[in-house]
Each structure stands twice: as C-alpha cells, then as structure tokens.
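Here's the letter readout for the chains.
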Amino acid sequence: SFYNLRYYLKYKNEVKMKKLLFIFGTRPEFIKVYPVIQEAKKQGNPIVLVNTGQHKEMLNELLDEFSVEVDYDLKIMDSYSGLSEIVSGTLSGLEPIVKQEKPDVILVHGDTAATLAGALVAYFNQIKLAHIEAGLRTYNKFSPFPEEMNRQIVGLLADYHFTPTEMTRDNLLKEGKNRKQVFVVGNSAIDMFQ
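Residues numbered from 1 in each chain as written. Predicted model: local features only at pLDDT ≥ 70, side-chain atom pairs only at ≥ 80, totals over all residues. Heavy atoms only, no water.

**Q** Help me understand a nonpolar patch on the surface in this model?
**A** A grouping of L83, F142 and F145 is seen on the molecular surface, where their side chains present a nonpolar patch of about 340 Å² in accessible area. Structurally, the position occupied by F145 is in the loop between strand 5 (128–132) and helix 6 (147–157). Using a relative accessible area of 52% as the deciding quantity, one classes F145 as exposed. (Patch = residues over 30% accessible without salt bridge, like charges linked within 9 Å, V, L, I, M, F, W, Y side chains within 5 Å. Areas by Shrake-Rupley, 256 points an atom, 1.4 Å probe, with all protein chains shown as cover. Salt bridge = Lys/Arg side-chain N within 4 Å of Asp/Glu carboxyl O. Helix = DSSP H or I, 4+ residues; strand = E, 2+ residues; numbered from the N terminus. Buried < 20%, exposed > 50% of the residue type's maximum accessible area, 1.4 Å probe, protein only.)

Quick look at the structure:
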C-alpha cells in the first residue's frame, strides 16, 4: 500500500530529513506525485517543486485548484515542440536549478520526457534518484513510444524504485535490481481520493 512509501519517507535514513526535489510536467504526473509531496511536507523534508510545463494549461489549472506553488516553472512548451527539443530543453532548464538547490534526492514519476530528463540530470550530478511508479514494462521499445524506453532508462539510473504492484516489483527484480531498493507502494493516485 501507499503506506509503505509514507513509512519510507518517515523512517528511512536515505530520505528522512533530506532535501527532496520533485520534477513533473504533466497533469497525470502531478496527480500521482501530489500525495508524495504532501507526505514529504508532513515529515518536514525541505522540498523543491519543478514544473517543466509540458501540460501547461491543464496542469496550471490543477496547481491552482490545489493551491500549489511551484518553485520553478521551465515553461518548455513555450520554446520547444519536438520530443528531442522537449528533453534537451528540460535538461538544460533543470541543470542550473539542481546546481543551485543541491537536493539530496530527486523524485520523478512514471515515463514522461520530464521523468527521463530528471533522471539524467540526477545521474549527471551524482544525486540519488527515486522513481515513483517504477517497473511497468512491455519490453517492446516502440510500444508505448517513447514511454517504454523512458521507463527502462530511468530504471537503470534509479537508486530507489517505488512500484505500484507485486508484478512491477518482479519485473525489476528479474532485471537485476537490488531487492533492498525496490518497494511495493501501490498507486499514489488512489490517495488523491482519500
């Protein structure tokens, strides 16, 4: 259950009282990461919120509805349109933020361009990476495209894998991930309705 992620945030030394930087850019990402942000706040973690702006209008409406103020808005869709441009623009936008904020852990969700860019920035800066909704796999690199490869690449870079189900955990274990770094936590979107 999602309780496992709450427990992890509260008691595990790896993230307890560490500065957490959350990266999201789409409405579904925010919906699923919002309960994690709330729990991190409750536990007293210093947090930094970065909106890449991939779903500009839809996400901004939701942020307003939940009275969430982001620390940084990259507004990537104002300047970039193609997939390569979105990823490279997100990378270049995140780099100075990460250098300035110096987070202990970067948290990304799912399989979007923001997730991939966040994972790469964490790796380039040697910062711990937590992947929420980890372990989803089709093992067909073009289906869904580009999400499947985003998931797999992020899975290679992540230090902590928070999976929604036993099956997604098993996918990661079959890939050789360390059992101590894989946690079944359920679907955090469900917590939006509790």
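**Q** Sorry if this is basic, but what is going on with the side chain of R137 here?
**A** Turning to its location among the elements, R137 is positioned in the loop between strand 5 and helix 6. For R137, the side chain forms a polar contact with the side chain of E175, separated by 2.7 Å. Once residues within four sequence positions are removed from consideration, R137 is found in contact with E148, R151, Q152, G155, N171, L172 and E175. (Polar contact = N/O pair within 3.5 Å; in protein donor to acceptor, adjacent residues only side chain to side chain. Contact = heavy atoms within 4.5 Å.)

**Q** Whenever I open this one, helix 3 (residues 56–65) confuses me. Can you help?
**A** Residues separated by three or four positions in an α-helix point in the same direction, a consequence of the helix having 3.6 residues per turn. Every buried residue belonging to helix 3 is among L59, L62 and L63, and all of these are buried. The arc that holds every buried residue of helix 3, seen down its axis, measures 100 degrees, which confines them to one face. Exposed positions of helix 3 whose direction lies more than 90 degrees from the buried face are E57, E61, D64 and E65. Here the buried face of helix 3 lies against strand 1 (20–24), helix 2 (27–42) and strand 2 (47–51). Residue S67 follows helix 3 closely and has a positive phi angle near 55 degrees. (Arc of directions from axis to C-beta.)

**Q** I keep staring at the nonpolar core and nothing clicks. Help me out?
**A** If you look at soluble globular proteins, the nonpolar side chains tend to sit buried side by side. Counting 25 residues, the largest nonpolar core has L21, I23, V50, L94, I106, V108 and L129 as its most contacted members. Of all elements in the fold, only strand 1, strand 2, helix 4 (83–101), strand 4 (105–109) and helix 5 (113–124) reach the threshold of two or more residues within this core. If you tally residues by element for this core, the top one is helix 5, at seven residues. Beyond its immediate sequence surroundings of up to four residues, I106 is in contact with L21, I23, V98, G118, A122, I127, K128, L129 and A130. Residues L20, V68, L107 and Y160 belong to the second largest nonpolar core, which totals 23 residues. (Core = buried A, V, L, I, M, F, W, Y, C linked by side-chain atoms within 4.5 Å.)

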